[in-house]
Amino acid sequence: MNLDFTVIPAYLDVVLLGAVWTIAITVAAALLSFVGGIIFAVVALYAPLVVRLPFRLFAWLFMGTPLLLQLFLIYFGLVQIGIDLPAFVAGVLGLGLHFAVYNSELIQTSILAVDRGQMEAARTLGLSRGQALRKVVIPQAVRDVIPPIGNNMIALLKDSALVSVIGVSELTLSAQLAIGRTYRPFEFYVLAAAVYYVINLGMEAVQRRIELRIAAAR
Amino acid sequence: MTEPKPFVDIRNAQKSYGALEVLKDISLQVARGEIVAIIGPSGSGKSTLLRAINDLDPLTGGEVWLEDTQINKKLPHRQYEKHINQVRQNIGMVFQHFNLFPHLSVRENVTLAPKLVKRLSEDEAEELAREQLEKVGLIDRIDYYPSRLSGGQKQRVAIARALAMKPKVMLFDEATSALDPELVEEVNLVMKKLAEEHMTMIIVTHEMGFAETVCDRVIFMDKGVVVEEGPPSRIFRNPDNERTQNFLRKHLANANR
């Protein structure tokens, strides 16, 4: 065996900076996927056909093609039509929209599962449909959908490694940089794996806190 | 003496789902301050009629008026939405299953519509909520979430929530049917209090005792028509129609079982 973990300290700052980028991109994409998921769900359920159909196509594109391809398309492809996004923005956009489509499926189901009487009660009080959705139906739907969305967000964290291919020096790419200098792939990939695991634990802790807060309000 | 102009005026209400006729040409006038009970077997159309009043279940024919406003006006979508949101502020509704908003506290349940629809300030809405919760005897539960209330308390909050919009009419759709027997009375007491304040009320109910003591008039519906109507003393003691007699006899037999 030829393992030497003493090479790690010299490159720890590089890897940890990568971890910061991974967290940044994950948090930004998670927020986008959450807000986007709600908007997409409302569009899918309530928008007129002329809006809904193009949206279906868009959703199909994001669900039916590889995320890697989507990132290439956004980062390299859009330049050709004059949209030149920084790699970080392209990465957030790709990951965020991709998972927004998945979140939207969950949120749609959850909206439909909210008791019909809730909308009726809100409407009889004089609330418009939009107000009733915003204040009564969607908050309840979102509350019920937090646990499965949490699973999506863990998947998002792991898939954030894909943005390394468009040159965002996040955790995986940083580990590769360190490997390029030291020729120590095992050590640095294990380190990267450990850091992903720690971030994962952090995300689970955040999710648990959110769930507890929701439970307290029941 | 001239008849007073009806406050709620249902003219030739018809409702059908495909070939199934749920309401067959029903007309019903309710005066200001009047308390009307609608009774009848399940499937008679009484809830559908009640829900037609605020256009929750739109009629397929006929008109519903509140004072000088036609409620079920045929308008282009946007205009209709504006119109109906306006109209519904005047019509409070209480449901069998309460339909409180479970993610909101009692305070927020009651203040939501006044703040959102009437654009009241936080303080004004708070004052209004306290006033209404005081009336239903639940001011000490203002910070609770619905899940921590009993069925009777939930329904009283639902009544306070409807009253906070200062409606001109209150509709009750089997408000006590989902309650445990020992919780029915507290809701009935609140409704009696409203009756004493001369709130106009239309009450779909299975509780004949309550209808008899509180209501000015009883409507008996069966198979989508009004079979018989009159003062409670006559309808309950001495109904003319055979269908009414049968219904009441069966109902009493069930109630005494």
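Criteria and cut-off values
Just so you know, the residues in each chain are numbered from 1, in the order the chain's sequence is written. Lettering for chains starts from A, numbering for ligands starts from 1, and both go in the order in which the items are written. Where totals are concerned, whole chains, interfaces and linings use all residues; where local detail is concerned, this predicted model gives features only for residues with pLDDT of at least 70, and gives and counts side-chain atom pairs only at 80 or more. In computing side-chain properties, one takes all heavy atoms of the structure into account and sets aside hydrogens as well as water. Secondary structure is summarised from DSSP: a helix means a run of H or I of at least four residues, a strand means a run of E of at least two, and numbering begins at the N terminus for each. Put simply, the radius of gyration uses C-alpha atoms, and a globule should come to 2.2 Å times the residue count raised to 0.38. Classification of residues uses two cut-offs on accessible area relative to the type maximum, computed with a 1.4 Å probe and protein chains only: under 20% is buried, over 50% is exposed, and between them is partly exposed. Whether two residues touch is decided by their heavy atoms; if any such pair falls within 4.5 Å, the residues are in contact. Accessibility throughout is a Shrake-Rupley quantity obtained with a 1.4 Å probe, and a residue counts as covered only by protein chains that appear here. In this tally, Lys and Arg are treated as positive and Asp and Glu as negative; His is ignored, and so are the chain termini. Taken as the charge location is NZ of Lys, CZ of Arg, CG of Asp or CD of Glu. One bridge is not enough; two strands pair if DSSP finds at least two bridges between them. To pair, rings of Phe, Tyr and Trp, with the six-membered ring standing in for Trp, must have centres within 6.5 Å; the planes then decide the type, stacked if under 30 degrees apart, edge-to-face if over 60, and tilted in the middle. We call a charge positioned over a ring when the NZ of a Lys or the CZ of an Arg lies within 6 Å of the ring centre and within 35 degrees of the ring normal. Fitted lines through C-alpha atoms serve as axes, helices being fitted only where they are in contact, and the angles separating the N-to-C directions of these axes extend from 0 to 180 degrees. Consider the strands pointing away from the viewer: the crossover is right-handed when the path from the first strand over the helix to the second runs clockwise. Salt bridges are counted wherever a side-chain nitrogen of Lys or Arg sits within 4 Å of a carboxyl oxygen of Asp or Glu. Patches were defined on residues exceeding 30% relative accessible area and lacking a salt bridge, with like-charge contacts within 9 Å and nonpolar side-chain contacts (Val, Leu, Ile, Met, Phe, Trp, Tyr) within 5 Å.

> Sorry, what's going on with the overall build of chain B here?
If you tally the helices and strands in chain B, you get 9 helices and 10 strands. Relative to the compact-globule value of 18 Å for 257 residues, chain B shows a C-alpha radius of gyration of 18 Å, a close match. For chain B, the spread of C-alpha atoms along the principal axes amounts to about 55 × 50 × 45 Å. When each of the 257 residues of chain B is scored for burial, the buried share is 54%. For chain B, contacts bridging at least 24 residues in sequence account for 64% of all contacts bridging at least 6. For chain B, the exposed area adds up to about 12,000 Å²; of that, 48% sits on carbon and sulfur atoms. Of the side chains in chain B, 35 bear a positive and 37 a negative charge, and the two mean positions are spaced by 3 Å.

> What is the right way to look at the sheet that holds strand 5 (residues 69-70) of chain B in this model?
Pairing between the strands of a sheet is mediated by backbone hydrogen bonds and can be parallel or antiparallel. Residues and elements named next belong to chain B. Taken together, 4 strands build an open sheet; the order of strands is 2-1-4-5 and the sheet is antiparallel. Both outer strands of the open sheet, strand 2 (20-30) and strand 5, are each paired with one neighbouring strand and no more. Where strand 4 (residues 61-66) lies against strand 5, 2 bridges are found, and the strand directions are antiparallel. Considered in strand 5, the bridge of leucine 66 is made with threonine 69.

> Teacher, can you tell me more about unusual backbone geometry here?
Residue and element names in this part refer to chain B. You will see that asparagine 12, though not glycine, has its phi angle at about 50°, which is positive. Phi angles above zero are rare outside glycine, and aspartate 25 is one such case at about 60°. Within the secondary structure layout, aspartate 25 lies in strand 2.

> How do you make sense of the packing of aromatic side chains when you look at a structure like this?
Aromatic rings in a pair are described by how distant their centres are and how their planes are angled relative to each other. A complete count under the given rule lists 10 aromatic pairs over all chains for this structure. An angle of 55° between the planes, with centres 5.1 Å apart, marks the rings of phenylalanine 40 of chain A and phenylalanine 55 of chain A as tilted. Residue phenylalanine 40 of chain A is located in helix 1 (residues 8-46), and its partner phenylalanine 55 of chain A is located in helix 2 (residues 49-64); the two are separated by 15 residues in the primary sequence. For phenylalanine 55 of chain A, a relative accessible area of 9% corresponds to the buried category. Connected via pairs of aromatic rings, a cluster forms that spans Phe40, Phe55, Phe58 and Phe62 of chain A. Seen from the ring of tyrosine 144 of chain B, arginine 148 of chain B lies directly overhead, with NZ or CZ sitting 4.4 Å from the centre. Looking at arginine 161 of chain B, its charged tip hangs above the ring of phenylalanine 101 of chain B, at a distance of 4.4 Å from the centre.

> I tried to follow the sheet that holds strand 7 (residues 169-173) of chain B on my own but got confused; where do I start?
Residues and elements named next belong to chain B. Ordered in space as 6-7-8-3-9-10, the 6 strands form an open sheet in which the pairing is mixed. Of all strands in the sheet, those bounded by a partner on one side alone are strand 6 (91-94) and strand 10 (225-230). Adjacent strand axes in the sheet meet at a mean angle of 20°, parallel and antiparallel pairs treated alike. Pairing analysis gives 4 bridges linking strand 3 (residues 35-39) to strand 9 (residues 217-222), with the strands arranged parallel. By the bridge assignment, isoleucine 39 is partnered in strand 9 with phenylalanine 220.

> Help me out: how do you make sense of the pairing of strand 7 of chain B in this one?
In regular strands, side chains alternate between the two faces of the sheet. All names here are of chain B. In terms of burial, strand 7 is largely enclosed, as 5 of its 5 residues are buried. The side-chain alternation of strand 7 yields two buried faces, one formed by Val169, Leu171 and Asp173 and the other by Met170 and Phe172. Sheet analysis places strand 6 next to strand 7, joined by 4 bridges and oriented parallel. Its bridge partner lying in strand 7, isoleucine 91 is registered against valine 169. For the handedness criterion, the β-α-β arrangement of strand 7, helix 6 (residues 181-196) and strand 8 (residues 200-204) is classed as right-handed.

> Explain the pattern of salt bridges to me, please; I cannot follow it from the model alone.
Two side chains bearing opposite charge may form a pair once their charged atoms approach each other closely. All names here are of chain B. Under the counting rule described, the total for this entry stands at 26 salt bridges over all chains. Between arginine 107 and glutamate 126 there is a salt bridge, with its nearest N and O atoms 2.8 Å apart. In this pair, arginine 107 is assigned in helix 3 (residues 106-116) and glutamate 126 in helix 4 (residues 122-135), connecting sequence segments 19 residues apart. For the salt bridge of arginine 243 with aspartate 222, the shortest nitrogen-to-oxygen distance reads 3.3 Å. Here arginine 243 is found in helix 9 (residues 242-256), whereas its partner aspartate 222 is found in strand 9, with 21 residues between them in sequence.

> Mind showing me how you'd approach a nonpolar patch on the surface here?
Taken together, Leu3, Phe5, Phe186 and Val190 of chain A make up a surface patch of nonpolar side chains, about 350 Å² in accessible area. Overall, the relative accessible area of 40% leaves leucine 3 of chain A in the partly exposed class.

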